[in-house]
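Listed below, chain by chain, are the residues.
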Amino acid sequence: MGKTYDRIDGRLRTFIENQPLFFTATAPLGQEGTINLSPKGVAGSFAVLDERTVAYLDFAGSNAETIAHLRENGRITLMWCAFQGPPNIVRVHGRGEPVFRDDPRFEDLVARFPGVDPAPHGLRAVVVVTAELIRDTCGYAVPFLSYEEDRDLHAKRFAREDDASLSAYFAKKEHIATSIDGLPGLPLPLPGRVG
C-alpha cells in the first residue's frame, strides 16, 4: 500500500502543495529529550524548491523546539494528510536547517513564497528540508474534514510588532532562546536582515 519516491514531482507535488495543513516532527539526540510535533498552516507559507528540497516559513510562536532540534541534529519529518478527496498520507523524512534573517540566503528564500506576506506573522526563519526518504501511505483511517479558511488571529497578533518588540516578546518566553531540553533555540535578539 505504501510507495517510496525518488523525487517530489507530478501528482505527489500537487498533493503536497494543495494541503492547507502539514505537520513537522523533530527530536533531540538525547534519549530523555522531548519529541516535538507541530502543525503548520498559513496559506502560502510552504514551497517545493526542487524535486528533493522543500521549505516553509517559520513564524512567531511561544516556543522554538523545531529550530532547536534542527540546530542540534537536523533530523525532521514532514507529514501531510488528505482530509478531502482520495485517502493519502505523505511523509518527507530528511535533514532540515533553519535559515535565519542574517543569512545571505534568507531574502532569496523568502522570495520563493509569493503567496503570503510574512511581515504580519513575525517571520523568524525559513526552514529548508532536504528529503532523504519520500513515502506515501493509504490514509484510510484519516477522517474527512472540511477546510474553511485560515484563522486571522496570528497575523493580527504579530502585525503590531517590529524587530525590537518581537525580540522583547521572545525574550520573555521560556522556550524560545532555549528549548525545553536546554538546547540553543532562536538567536536573540533577532538577527537583522541582510540587504
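Look above for the structure.
Source: prediction; values computed, not measured. (Residues numbered from 1 in each chain as written. Predicted model: local features only at pLDDT ≥ 70, side-chain atom pairs only at ≥ 80, totals over all residues. Heavy atoms only, no water.)

1. Describing unusual backbone geometry
Here comes step 1: In this chain, Leu188 is followed by Pro189 through a cis amide linkage whose omega measures -5°.
Here comes step 2: Following the sequence through the fold, Pro189 ends up in the segment after helix H5 (163-172). (Helix = DSSP H or I, 4+ residues; strand = E, 2+ residues; numbered from the N terminus.)

2. Here's the deal with H5
Here comes step 1: By the burial criterion, the buried members of H5 are Leu166, Ser167, Tyr169 and Phe170. Axial view of H5: buried residues confined to an arc of 160°, hence all on one face. Facing away from the buried side of H5, by more than 90 degrees, are the exposed residues Ala164, Ala171 and Lys172.
Here comes step 2: For H5, the side-chain oxygen to backbone nitrogen distance between the N-cap and Ala164 is 3.2 Å, and the N-cap itself is Asp162. (Buried < 20%, exposed > 50% of the residue type's maximum accessible area, 1.4 Å probe, protein only. Arc of directions from axis to C-beta. Polar contact = N/O pair within 3.5 Å; in protein donor to acceptor, adjacent residues only side chain to side chain.)

3. Some remarks on the nonpolar core
Here comes step 1: Counting residues in hydrophobic clusters, the biggest one holds 21 residues, and the most contacted among them are Ile16, Phe46, Leu78 and Trp80.
Here comes step 2: Every element with two or more residues in this core is listed here: helix H1 (10-18), strand E4 (46-50), strand E5 (53-58), strand E6 (75-81), strand E7 (89-100) and strand E8 (125-137).
Here comes step 3: Ranked by residues supplied to this core, first place goes to E8 with four residues.
Here comes step 4: Residue contacts for Phe46: discarding those within four places in its chain leaves Ile16, Phe22, Val54, Ala55, Tyr56, Leu78, Trp80 and Phe113.
Here comes step 5: If you look at the next biggest cluster of nonpolar residues, it comprises 14 residues, including Leu49, Ala55, Val116 and Val128. (Core = buried A, V, L, I, M, F, W, Y, C linked by side-chain atoms within 4.5 Å. Contact = heavy atoms within 4.5 Å.)

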